[in-house]
Amino acid sequence: MANETTKVIAGIDTHADTHHVAVINEYGKPLADKEFLAVGSGYRKIVEFITSYGPVAAVGVEGTGSYGAEIARTLRGEGLCVLEVNRPNRAARRLKGKSDPLDAYQAAQSVLDGRAKSIPKAKDGPVECLRILRAGRTSAVKARTAAINQIKGLLVSASDNLRAKYRGLGTSAMITALQRSRPSGHLADPEYVCLLALKALATRCQSLAAEIAAADAALREILDTYAPMLCDLPGVGTEVASQLMVTVGDNPDRLGNEAQFAALVGVAPIPASSGKTTRHRLSRGGDRNANRALHQVVLVRMGSCQRTKDYVAKRTAEGKSKREIMRCLKRYAARELHPQITNPQPAPSNADLRQMRTTLGFTITTAARALGHWPSKISSLERGLARNDALATSYRQWLTEQTAQIPIRQG
């Protein structure tokens, strides 16, 4: 019987074919548990089973990124609060044992105790599309690398005639030449068979390269629509931007503030002080793929961004090591990237840009040319103005001051 005054908490232990659901009340008393099939009809029965015991405070789900992804979406669709639950502690498992009902009750108890606080990723928007495209692209890159290594390995032990033909070529030229080759001979000739295998591997490399290029184009198209300003930041390309977006997910509001984003990407400083020494060290937690993406941003900026070069020189003079400097730079990069990642805006339409130019009273491109700016930089600026009223106001003030003495064509 449902109790309208007492709220209940559910825990779900997810598997490939079945999900085990347990329900407890707000005082931790077990109410019921049951196993359901991991199919559409089973998900509906899970919702009915959970809600039959009273108002649901929250549902703890294990594996929201894999086996529990669909049940989490279903529960959110019903308006229920879904929290991600980590697997039970191994020491506790050894003491109390393990079974599906025990794991389900453990998931519910984790929610009640406040140990499960993470909101799972929504996986129902453009960022999920980025994740899927990246998964296919990653496997294609690995397969292409393996094929190239196989080609070079076969050439090492091939006959001198074969090696001499491709020895001086670069990787790209070698693959093109092998793909265009026309092997002739018989299957008892090692040189002919080797060339056949090399041609097949080269054809595979070119096919995978086309697949990677198509994935890159799709990633870029989604980013230009969903987060147009992100790739305009120094050091941020399609690979970095898509990885950071995937790390945050389709519901960036699950991150309360910029410090939580820094912890998520593994750049929150960890105190490592002792005695008279006061210092911080690199974080070993967070999403390591996102941390690697930020590392790439820092490397690019250290080589091409004057502001970053000045900062490195300043901190080096203070006695900081390169590792400590890069740790600080990754934290600063996370602070700069956070607004663009957690608050993505759609790209402005042509009508929006025309309206903005009318509001300013002159074309931004014309003004920029008069001031010596490059049009490529202005395209980024136009998009930023269209999405940010405060930025547009400040830019109008700046542009008015800079162009006061410069005649600009009206209209």
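Everything numeric in this text was worked out from a predicted model, so none of it was measured.

Reading the values: the criteria
Residues numbered from 1 in each chain as written. Predicted model: local features only at pLDDT ≥ 70, side-chain atom pairs only at ≥ 80, totals over all residues. Heavy atoms only, no water. Helix = DSSP H or I, 4+ residues; strand = E, 2+ residues; numbered from the N terminus. Buried < 20%, exposed > 50% of the residue type's maximum accessible area, 1.4 Å probe, protein only. Contact = heavy atoms within 4.5 Å. Areas by Shrake-Rupley, 256 points an atom, 1.4 Å probe, with all protein chains shown as cover. Polar contact = N/O pair within 3.5 Å; in protein donor to acceptor, adjacent residues only side chain to side chain. Patch = residues over 30% accessible without salt bridge, like charges linked within 9 Å, V, L, I, M, F, W, Y side chains within 5 Å. Salt bridge = Lys/Arg side-chain N within 4 Å of Asp/Glu carboxyl O. Lys, Arg positive; Asp, Glu negative; His and termini not counted. Charge placed at Lys NZ, Arg CZ, Asp CG, Glu CD. Pairing = 2+ DSSP bridges. Axes fitted to C-alpha atoms, helices over the stretch in contact; angles between N-to-C directions. Core = buried A, V, L, I, M, F, W, Y, C linked by side-chain atoms within 4.5 Å. Right-handed = clockwise from strand over helix to strand, strands pointing away. Expected span 1.5 Å × (residues − 1). Bend = angle between axes of the 7 residues up to and from the residue. Left-handed = near helix turned anticlockwise from the far one by under 90°. Nonpolar A, V, L, I, M, F, W, Y, C, P; charged D, E, K, R; others polar. Phe/Tyr/Trp six-rings, centres within 6.5 Å; stacked < 30°, edge-to-face > 60°.

Caption draft 1: Structural view of the overall build of the protein. Scanning the protein for helices and strands turns up 17 helices and seven strands. Across the 411 residues that make up the protein, the buried fraction comes to 40%. Excluding contacts between residues fewer than 6 apart, the proportion of contacts in the protein whose partners are at least 24 apart in sequence is 63%. A total accessible area of about 22600 Å² is found for the protein, and carbon and sulfur atoms account for 52% of it.

Caption draft 2: Here's a closer look at the side chain of Thr-64. By the secondary structure assignment, Thr-64 is in the loop between β4 (56–62) and α2 (69–77). In terms of polar contacts, Thr-64 uses its side chain to reach the side chain of Glu-84, at 3.3 Å. Each residue touching Thr-64, except ones within four places of it in the same chain, is listed here: Ala-69, Ala-72, Glu-84, Pro-120 and Lys-123.

Caption draft 3: A positive patch on the surface, seen in detail. On the surface, a cluster of positive charge is contributed by Arg-281, Arg-284, Arg-288 and Arg-323. Following the sequence through the fold, Arg-281 ends up in strand β7 (residues 280–281). Using a relative accessible area of 34% as the deciding quantity, one classes Arg-281 as partly exposed.

Caption draft 4: Looking closely at the sheet that holds strand β1 (residues 8–14). One open sheet accounts for five strands, arranged β3-β2-β1-β4-β5; its pairing is mixed. Strands with a single pairing partner mark the edges of an open sheet, and in this sheet they are β3 (30–37) and β5 (82–85). Going across the sheet, the axis of each strand differs from the next one's by a mean of 20 degrees, ignoring polarity. Bridging between β1 and β4 involves five bridges; their strand directions are parallel.

Caption draft 5: Just the nonpolar core, in detail. Ranked by size, the top nonpolar core spans 30 residues in total, and within it Leu-230, Leu-244 and Met-245 carry the most contacts. Of all the secondary structure elements, the ones that give two or more residues to this core are α5 (126–156), α8 (190–226), α9 (238–248), α10 (258–264), α11 (288–304) and α13 (322–342). A total of six residues in this core trace back to one element, the largest contributor, which is α9. Leaving out residues up to four positions away in the same chain, Leu-230 has contacts with Val-236, Ala-241, Met-245, Leu-337, Gln-340 and Ile-341.

Caption draft 6: Layout of the pairing of β5. Taken together, the four bridges between β4 and β5 define a ladder with parallel strand orientation. Residue pairing across strands places Val-61 opposite Glu-84, the latter belonging to β5. Handedness of the β-α-β unit built from β4, α2 and β5 comes out right-handed.

Caption draft 7: Looking closely at α13. The first and last C-alpha atoms of α13 sit 29 Å apart over 21 residues, in line with the 30 Å expected at 1.5 Å per residue. Bending of α13 peaks at approximately 35 degrees at the position of Glu-336, with proline Pro-339 no more than four residues after it. Judged by how many residues are buried, α13 sits mostly within the fold: 15 of 21 residues are covered.

Caption draft 8: Broad picture of the packing of helix α12 (residues 306–317) against α13. With their axes 10 Å apart at the nearest point, α12 and α13 run at an angle of 140 degrees to one another. Along this stretch, α12 crosses α13, giving a crossing that reads as right-handed. Contacts between α12 and α13 involve Arg-307, Thr-308, Tyr-311, Val-312, Arg-315 and Thr-316 from the first element and Ile-325, Cys-328, Leu-329, Tyr-332 and Glu-336 from the second. Of the residues that constitute the contact of α12 with α13, the class distribution is six nonpolar, two polar and three charged.

Caption draft 9: Looking closely at the side chain of Thr-6. Tracing the backbone shows Thr-6 in the segment before β1. Excluding residues within four positions of it along the chain, Thr-6 makes contact with Asn-25, Glu-26, Tyr-27, Gly-54 and Pro-55.

Caption draft 10: A look at the pattern of salt bridges. This model, assessed by the stated rule, comprises 16 salt bridges. Glu-318 serves as the salt-bridge partner of Arg-315, at 3.1 Å between the closest nitrogen and oxygen. The network of salt bridges with common partners includes Arg-134, Arg-137, Asp-216 and Glu-239.

Caption draft 11: Looking closely at the packing of aromatic side chains. Counted under the stated rule, the structure contains three aromatic pairs. Relative to Tyr-53, the ring of Phe-49 lies with its centre 5.5 Å away and its plane at 75 degrees, an arrangement referred to as edge-to-face. Assessed through its relative accessible area of 22%, Tyr-53 is described here as partly exposed. With a centroid separation of 5.6 Å and an interplanar angle of 80 degrees, the aromatic rings of Tyr-311 and Tyr-332 are classed as edge-to-face. Of the two residues, Tyr-311 sits in helix α12 while Tyr-332 sits in helix α13, which places them 21 residues apart along the sequence. Exposure remark for Tyr-311: the relative accessible area of 17% places this residue in the buried category. Three or more aromatic residues joined by ring pairs form one cluster here, namely Phe-36, Phe-49 and Tyr-53.

Treat this as a map of the structure, not an account of what it does.
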